[in-house]
Amino acid sequence: MSVRVLLTIALLITVVSCSSLGRDRDEFASMSTEEQFYRTANQQLNASNFSGAVRTYQALESRFPFGQYAAQAQLELIYAHYRASNVEGARAAADRFIRLHPDHESIDYAYYMKGVATFSENTGFMSRFLPTDPSKRDISRARDAFNEFSLLMTLYPDSDYTADARARMVFLRNNLAAYEIHVADYYLERRAYIAALNRGRYVVENFQGSPVVADAVAIMVECYLRLGLNDLADTSLALLRDNYPDHATLDNNGEFIVRNHVTNPSLLYTVTFGLLGSNEDNTPLAPTSRPQRSIAPEAAPERGRSLLNILTLGRYGRDATTAPMPGEPPPGSPNPI
């Protein structure tokens, strides 16, 4: 690359930088006092010019960091970032306000907006236009939002934002429980019964009151059946019958309906993204009852090895596992006279 080309590129960069700086100067050229910046930012916010409001609030703070409007501008900057669809900026602004003004009278609003920004980030852009199930997506942000609202309710139980935070927490809690059920179904269809059981039990223990608790109990019943733990399966089934008698896994007689398919998508199902074909295989998952043993292991008699078996290294004679020949007395019985 020649020197002329390098000089041309450097000149273009300088011109662009200067023009951008000039625009910034022109944008705030008519404002000289802190009050003018604050009023302009408020007018932009009320006119739904959220990006402009963000720039003006940031300019106010940089020029008057200790002014009388600085704290209020930082608080309103959180909302401006949020309305400009910059949820990360809203979270960062809320964190900064909480750190700089821990005793501010409106600090509960900062905690609330931090949770709302995280809540909105969890819903995503596409969910505004497409009917998506949030419980089937990544729920890390849902957990974060739940924790943020929980912190607000713990620190400021009498806040004006507590009622809305509680309603959002109920929604998030139900989504978290539904996510656990989706994961449990995934494990169950792939015969990972212990993993599915742990997910179902976690929902029952931690999400009481959620609409999917009945599904969690049903998963526990099926997993216990698959594992041959019939006593625990009966206990869970009694719980399901008593509390959710109309659940889909119970027939008209209250008997449990065991699923009989596994996930095994066909090629047509895969290439059409689930629109055609099937992802079910009618192969039974596993036995649903523990096989009965005629003799308990501890009651099984021990057999000794004969001398011929020992001398021939097990090729001949009777070893410990050889069944007695017809008419031969069982080991340990007295020899007939």
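Looking at an unreviewed UniProt entry, the protein carries the name Outer membrane protein assembly factor BamD, with the source organism given as Pseudohongiella acticola. Of the protein, the UniProt comment under Function (unreviewed entry) reads exactly: "Part of the outer membrane protein assembly complex, which is involved in assembly and insertion of beta-barrel proteins into the outer membrane." The protein has a UniProt comment under Sequence similarities (unreviewed entry) that states "Belongs to the BamD family."

Visitor: I tried to follow a nonpolar patch on the surface on my own but got confused; where do I start?
Guide: Together, Ile-194, Leu-227, Leu-229 and Leu-232 make up a nonpolar patch on the protein surface, roughly 300 Å² of accessible area in all. Inspection of the secondary structure puts Leu-229 in the loop between α10 (213–226) and α11 (230–243). For Leu-229, a relative accessible area of 31% translates into the label partly exposed.

Visitor: What am I meant to see in the packing of helix α9 (residues 193–206) against α10 here?
Guide: Geometry of a packed helix pair, given as the angle between the helix axes and the separation of the axes. Following both chains from N to C, one finds α9 and α10 inclined at 150°, their axes separated by 8 Å at the closest point. Our classification of the angle between α9 and α10 gives roughly antiparallel. Where α9 crosses over α10, the two elements pack in a sense that is left-handed. Contacts between α9 and α10 involve Tyr-193, Ala-196, Leu-197, Gly-200, Arg-201, Val-203 and Val-204 from the first element and Val-213, Ala-216, Val-217, Ile-219, Met-220, Cys-223, Tyr-224 and Arg-226 from the second. Looking at the contact of α9 with α10, its residues break down into 12 nonpolar, 1 polar and 2 charged.

Visitor: Is there a simple way to explain the side chain of Ser-159 in this structure?
Guide: Tracing the backbone shows Ser-159 in the loop between α7 (140–155) and α8 (162–189). You can call Ser-159 buried: its relative accessible area is 12%. Engagement of the side chain of Ser-159 in a polar contact is seen with the backbone nitrogen of Tyr-161, the distance being 3.2 Å. Dropping the residues within four chain positions of it, Ser-159 is found in contact with Asp-108 and Leu-152.

Visitor: What am I meant to see in the pattern of salt bridges here?
Guide: For side chains bearing opposite charge, pairing can occur when the charged atoms are close. The full count for this structure, using the stated rule, is 11 salt bridges. For Asp-164, the salt bridge identified is with Arg-168, shortest N-O distance 2.6 Å. With Asp-164 and Arg-168 both in helix α8, this residue pair falls 4 residues apart, about one helical turn. Through salt bridges that share partners, Glu-88, Arg-141 and Asp-144 make up one connected network.

Visitor: Is there a simple way to think about unusual backbone geometry in this case?
Guide: Despite not being glycine, Ser-48 has its phi angle at roughly 65°, a positive value. Tracing the backbone through its elements, the reader meets Ser-48 in the loop between α2 (34–46) and α3 (50–63). In this structure Ser-48 comes out as partly exposed when scored by relative accessible area, which is 47%. In this model, Ser-85 sits at a positive phi of 65°, which is unusual for a non-glycine residue. As for its position among the elements, Ser-85 is in the loop between α4 (70–83) and α5 (87–100).

Visitor: Would you take a moment to explain the packing of α2 against α3 for this structure?
Guide: Put simply, α2 and α3 touch, their axes get as near as 8 Å, and they point 165° apart. By the angle class used here, α2 and α3 are roughly antiparallel. Note that α2 runs across α3; the crossing there is left-handed. Together, Glu-34, Phe-37, Tyr-38, Thr-40, Ala-41, Asn-42, Gln-44 and Leu-45 of α2 and Phe-50, Gly-52, Ala-53, Thr-56, Tyr-57, Ala-59, Leu-60 and Arg-63 of α3 make up the contact between the two elements. Each residue belonging to the contact of α2 with α3 can be placed in one class, and the counts come to 9 nonpolar, 5 polar and 2 charged.

Visitor: Sorry if this is basic, but what is going on with the nonpolar core here?
Guide: Formed by 54 residues in total, the largest nonpolar core has its most connected members in Ile-78, Phe-149, Val-203, Leu-240 and Phe-256. Counting only elements with at least two residues in this core, the list comes to α4, α5, α6 (107–123), α7, α8, α9, α10 and α11. In terms of residue count, the dominant contributor to this core is α10 (10 residues). Filtering out sequence-adjacent residues up to four positions away, Ile-78 remains in contact with Ala-90, Ala-93, Ala-94, Phe-97, Ala-110 and Met-113. Core analysis: the second largest hydrophobic core is formed by 14 residues, Phe-37, Leu-45, Tyr-57 and Leu-60 among them.

Conventions adopted
- Residues numbered from 1 in each chain as written.
- Predicted model: local features only at pLDDT ≥ 70, side-chain atom pairs only at ≥ 80, totals over all residues.
- Heavy atoms only, no water.
- UniProt positions renumbered as here; feature names shortened; annotations may be inferred.
- Patch = residues over 30% accessible without salt bridge, like charges linked within 9 Å, V, L, I, M, F, W, Y side chains within 5 Å.
- Areas by Shrake-Rupley, 256 points an atom, 1.4 Å probe, with all protein chains shown as cover.
- Salt bridge = Lys/Arg side-chain N within 4 Å of Asp/Glu carboxyl O.
- Helix = DSSP H or I, 4+ residues; strand = E, 2+ residues; numbered from the N terminus.
- Buried < 20%, exposed > 50% of the residue type's maximum accessible area, 1.4 Å probe, protein only.
- Axes fitted to C-alpha atoms, helices over the stretch in contact; angles between N-to-C directions.
- Parallel < 35°, antiparallel > 145°, perpendicular 65-115°, else oblique.
- Left-handed = near helix turned anticlockwise from the far one by under 90°.
- Contact = heavy atoms within 4.5 Å.
- Nonpolar A, V, L, I, M, F, W, Y, C, P; charged D, E, K, R; others polar.
- Polar contact = N/O pair within 3.5 Å; in protein donor to acceptor, adjacent residues only side chain to side chain.
- Core = buried A, V, L, I, M, F, W, Y, C linked by side-chain atoms within 4.5 Å.

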